Amino acid sequence: MRKAFDSVNINGLWYKLYKCGLNGKVLRIFRDMYTCVKSCVKHCNTYSDFFECSVGLRQGEVTSPVLFAMFVEDLEMYLQHKDSCGLSIDDITLMLLLFADDMAILGDTPNDLQRSLDTLHDYCNEWGLTVNTDKTKTMVFRKRGNLRVNELWFYNELPLENVSDFNYLGTVLHYNGSYSLNQQTLSGKALKAMNVLLQQTKRLDFTPKTMCQLFDSFVSSTANYACEVWGNTKSKELERIHLKFCKRILGVKLSTSNVGIYGELGRYPMYINRFVRIIKYWFKVIHSENCIIKASYLISLKDCNSGKPNWASGVKSLLYQHGFGDTWENPHSVNAKQFCQIFKARLIDIFRQQWSMDVNTNSKLQLYKHCKDTFGYEEYLNIVSHKHIRYGLTRLRLSSHQLRVETGRYGRNRIPRDERYCLQCNTGDIEDEYHFVCVCPAYNAIRVRYIPAYYRRNISVFKFVNLLKSNKKKHVTNLAMFISHACKLRTRLAQA
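Here is what the cut-offs are and how they apply
- Residues numbered from 1 in each chain as written.
- Predicted model: local features only at pLDDT ≥ 70, side-chain atom pairs only at ≥ 80, totals over all residues.
- Heavy atoms only, no water.
- Helix = DSSP H or I, 4+ residues; strand = E, 2+ residues; numbered from the N terminus.
- Buried < 20%, exposed > 50% of the residue type's maximum accessible area, 1.4 Å probe, protein only.
- Contact = heavy atoms within 4.5 Å.
- Lys, Arg positive; Asp, Glu negative; His and termini not counted.
- Charge placed at Lys NZ, Arg CZ, Asp CG, Glu CD.
- Pairing = 2+ DSSP bridges.
- Disulfide = S-S within 2.5 Å.
- Core = buried A, V, L, I, M, F, W, Y, C linked by side-chain atoms within 4.5 Å.
- Axes fitted to C-alpha atoms, helices over the stretch in contact; angles between N-to-C directions.
- Parallel < 35°, antiparallel > 145°, perpendicular 65-115°, else oblique.
- Left-handed = near helix turned anticlockwise from the far one by under 90°.
- Nonpolar A, V, L, I, M, F, W, Y, C, P; charged D, E, K, R; others polar.
- Expected span 1.5 Å × (residues − 1).
- Polar contact = N/O pair within 3.5 Å; in protein donor to acceptor, adjacent residues only side chain to side chain.
- Patch = residues over 30% accessible without salt bridge, like charges linked within 9 Å, V, L, I, M, F, W, Y side chains within 5 Å.
- Areas by Shrake-Rupley, 256 points an atom, 1.4 Å probe, with all protein chains shown as cover.
- Salt bridge = Lys/Arg side-chain N within 4 Å of Asp/Glu carboxyl O.

(A) Expanded view of the overall build of the protein chain. Within the protein chain, the secondary structure is distributed over 24 helices and 16 strands. A principal-axis box enclosing the C-alpha atoms of the protein chain has dimensions of 95 × 65 × 45 Å. Looking at the protein chain residue by residue over its 496 residues, the buried ones come to 44%. Across the protein chain, the fraction of contacts at a sequence separation of at least 24, relative to all contacts at a separation of at least 6, is 65%. Placing the 68 positive and 45 negative side-chain charges of the protein chain at their respective mean positions leaves the two points 13 Å apart.

(B) Highlighting unusual backbone geometry. Phi at Cys44 is positive, roughly 60°, even though this residue is not glycine. Relative to the helices and strands, Cys44 resides in the loop between β3 (42-43) and β4 (46-47). Looking at Cys44, the relative accessible area reads 60%, which means it is exposed. Even without glycine at this site, Ala226 takes up a positive phi of about 60°. Mapped onto the elements, Ala226 comes out in the loop between α7 (208-223) and α8 (227-230).

(C) Inspection of the pairing of strand β8 (residues 96-99) at higher detail. Here β8 pairs with strand β9 (residues 102-105) via four bridges, running antiparallel. The partner of Leu98 across the bridge, within β9, is Met103. Counting the residues between successive antiparallel strands, the hairpin from β8 to β9 contains two residues, one of them, Ala100, with a positive phi of roughly 55°.

(D) Just the state of the cysteines, in detail. All chains considered together, the criterion is met by zero disulfides. Free cysteine: Cys246, not disulfide-bonded; nearest cysteine sulfur from Cys212 at 5.1 Å. Residue Cys246 is classed as buried on the basis of its relative accessible area, which comes to 1%. Looking at the unpaired Cys422, the closest cysteine sulfur is the one in Cys425, lying at 3.7 Å. Relative accessible area serves as the criterion here: at 5%, Cys422 is assigned to the buried category.

(E) Region of interest: the nonpolar core. One finds Ile279, Trp282, Leu319, Phe343, Phe436 and Phe482 to be the most contacted residues of the largest nonpolar core, which totals 90 residues. Considering each element in turn, this core owes the most residues, 10 residues, to helix α11 (residues 271-286). Beyond its immediate sequence surroundings of up to four residues, Phe482 is in contact with Phe436, Val437, Tyr443, Ile446, Arg447, Tyr450 and Ile451.

(F) Structural detail: the side chain of His121. Relative to the helices and strands, His121 resides in helix α5 (residues 110-127). Of the residues examined, His121 reaches a relative accessible area of 19% and is grouped as buried. Excluding residues within four positions of it along the chain, His121 makes contact with Tyr155 and Asn156.

(G) Quick look at the packing of helix α6 (residues 180-201) against helix α9 (residues 236-250). Running from amino to carboxyl end, α6 crosses α9 at an angle of 15°, the nearest separation of the two axes being 9 Å. The angle between α6 and α9 places the two elements in the roughly parallel class. Note on packing geometry: the crossing formed by α6 with α9 is right-handed. Of the residues in α9, those in contact with Gln183, Leu186, Ser187, Ala190, Leu191, Met194, Leu197 and Leu198 of α6 are Glu237, Leu238, Ile241, Lys244, Phe245, Arg248 and Ile249. Broken down by class, the residue content of the contact of α6 with α9 amounts to 10 nonpolar, two polar and three charged.

(H) Molecular detail of the packing of helix α1 (residues 10-19) against helix α3 (residues 64-71). The geometry of α1 relative to α3 is characterised by a closest axis approach of 9 Å and an angle of 75° between their N-to-C directions. Between α1 and α3, the angle falls in the class roughly perpendicular. On the side of α1, the interface is formed by Gly12, Leu13, Lys16 and Leu17, while α3 contributes Leu67, Met70 and Phe71. Looking at side-chain class alone, the contact of α1 with α3 contains five nonpolar, one polar and one charged residues.

(I) Region of interest: helix α12 (residues 291-305). Under the 1.5 Å per step criterion, the end-to-end length of α12 is 21 Å for 15 residues, consistent within 8% with the ideal 21 Å. What α12 keeps buried is the set Ala295, Tyr297, Ser300 and Cys304. Taken together, the buried residues of α12 touch β6 (87-89), β7 (92-94), α11, α13 (311-321) and α14 (325-329). Put simply, Asn290 is the residue that caps the front of α12, since its side-chain oxygen is 2.9 Å from the backbone nitrogen of Ile292. The positive-phi residue at the C-terminal boundary of α12 is Gly307, with phi of around 90°.

(J) Structural context of a positive patch on the surface. The grouping of Lys143, Arg144, Lys302 and Lys308 at the surface amounts to a positive patch. Assignment of secondary structure puts Arg144 in the loop between β11 (137-138) and β12 (154-155). Residue class for Arg144 comes out exposed when judged on its relative accessible area of 65%.

(K) Examining the environment of Ala193 more closely. Inspection of the secondary structure puts Ala193 in helix α6. Setting aside chain neighbours within four positions, we find Ala193 in contact with Phe218 and Val219.

(L) View of the pattern of salt bridges. One pass over the full model with this rule turns up 12 salt bridges. A salt bridge links Lys16 to Asp74, with the nearest nitrogen and oxygen atoms 2.9 Å apart. One end of the pair, Lys16, is in helix α1; the other, Asp74, is in the loop between α3 and α4 (75-81), and 58 residues separate them in sequence. Residue class for Lys16 comes out buried when judged on its relative accessible area of 7%.

(M) Expanded view of the environment of Phe141. Looking at the element boundaries, Phe141 is found in the loop between β11 and β12. With relative accessibility at 54%, the residue Phe141 sits in the exposed group. Put simply, Phe141 and Asn176 are 35 residues apart on the chain and 5.9 Å apart in space, counted from C-alpha to C-alpha. With residues up to four places along the chain from it excluded, the contact list for Phe141 reads His174 and Tyr175.

Here's what the structure looks like:
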């Protein structure tokens with residue numbers, strides 16, 4: 001059960017601060033701040049008249065959270081003295097969780113929770129607190145099924161709404177313990193953050209590397225919030241946002257092969273960092289001196305050994321799947337910091353091996369597998385500074401273009417590969433990337449202007465691939481310019 005407080009009794013606050021030992025000048029300063037509090041309302045660019053506010057703490061004032069925490073410090077003891085019951089973890093009874101003005105009350109049975117609610121009502125009446133019942137919800141954690149008849153709770157004789165899921169401190173908790181809804185919620189937030197980032201940077205020629213760094217700071221942190229708890233999954237929803245962003249900054253179609261996108265930017269899937277953060281958190285848990293954390297982990301470990309799925313079993317599966325079963329059996333025998341580095345390196349190695357296999361077997365990357373030797377960020381992305389010129393080169397490398405070798409594979413009337421002829425010339429060649437850059441006579445004038453003579457004389461696929469692999473600034477820039485101008489000419493010829 002979760003509650004939100006709406007106001008604080010100011011006079012009661014001074015009394016409690018005095019009982020805590022806060023007196024003299026410091027207490028007088030705080031009291032003077034609240035002697036005559038005036039507020040106004042901002043609407044658009046206008047402000048209302050000032051009015052006095054004698055209830056609650058100042059919104060946005062840096063000391064308000066501390067003052068409220070000190071005000072409700074005795075709430076847990078009050079609940080204990082009133083024989084309220086909580087959730088038992090071995091010899092520990094957990095009654096409530098407090099964060100700022102949010103409170104979650106725990107109960108093992110319906111009667112336990114109702115008694116705690118009644119006790120809370122008594123406490124609020126005694127100290128002049130009010131509870132926002134519209135924001136107060138109850139949730140019963142269970143495997144499945146509907147609520148029982150007696151699973152209904154009241155606060156101050158007002159019924160509280162039962163919900164199947166609740167967003168508590170940024171994480172959506174579902175009654176059956178599943179985090180799938182939480183991942184959907186985070187993907188929605190990450191999508192909004194990604195759109196804001198793209199909107200703010202669309203007029204700036206940032207390099208893809210810089211854009212990826214901004215994504216990691218601004219979007220990835222949102223998508224992976226609290227992943228130490230729920231992140232034991234590759235989460236296609238979140239990875240789809242990551243890939244969508246990468247394709248947007250590269251200027252390629254959304255249907256472009258994901259394998260090529262990872263390779264071109266030297267990016268790894270987000271699940272790798274999530275898995276590493278889970279292992280780091282696992283080490284933190286097993287070395288924690290907090291009695292509640294230790295007791296909770298021991299219970300989950302016992303359930304894990306009994307075959308029940310939980311967070312601990314997810315960590316165990318993660319370690320065994322990647323060849324670190326001995327670490328799970330003897331976690332205190334390894335250095336946590338060094339092991340996390342080794343674990344991350346293992347994840348990266350596995351991904352890169354799979355990536356290499358996928359590049360060689362992907363039918364859409366026939367050219368890419370020849371011009372991409374190793375996994376890593378491509379330097380031409382930094383060399384060609386103008387993004388609209390760079391897009392053409394990227395599209396050519398990743399087969400995300402409009403040449404017939406690519407467009408002929410789609411549609412209702414698909415064309416066999418050996419019949420996807422170039423319509424801009426009479427050579428009878430297939431209109432593929434090699435023909436477009438090195439052969440087609442329709443672009444000879446542009447080719448002479450931008451392509452070095454070495455690559456135009458005695459043309460071969462070998463020279464063409466070397467041109468695509470070149471990191472020389474002049475060669476790369478001229479190739480990108482050729483592709484840009486040749487694509488515009490091709491469009492005009494097709495429309496004529």
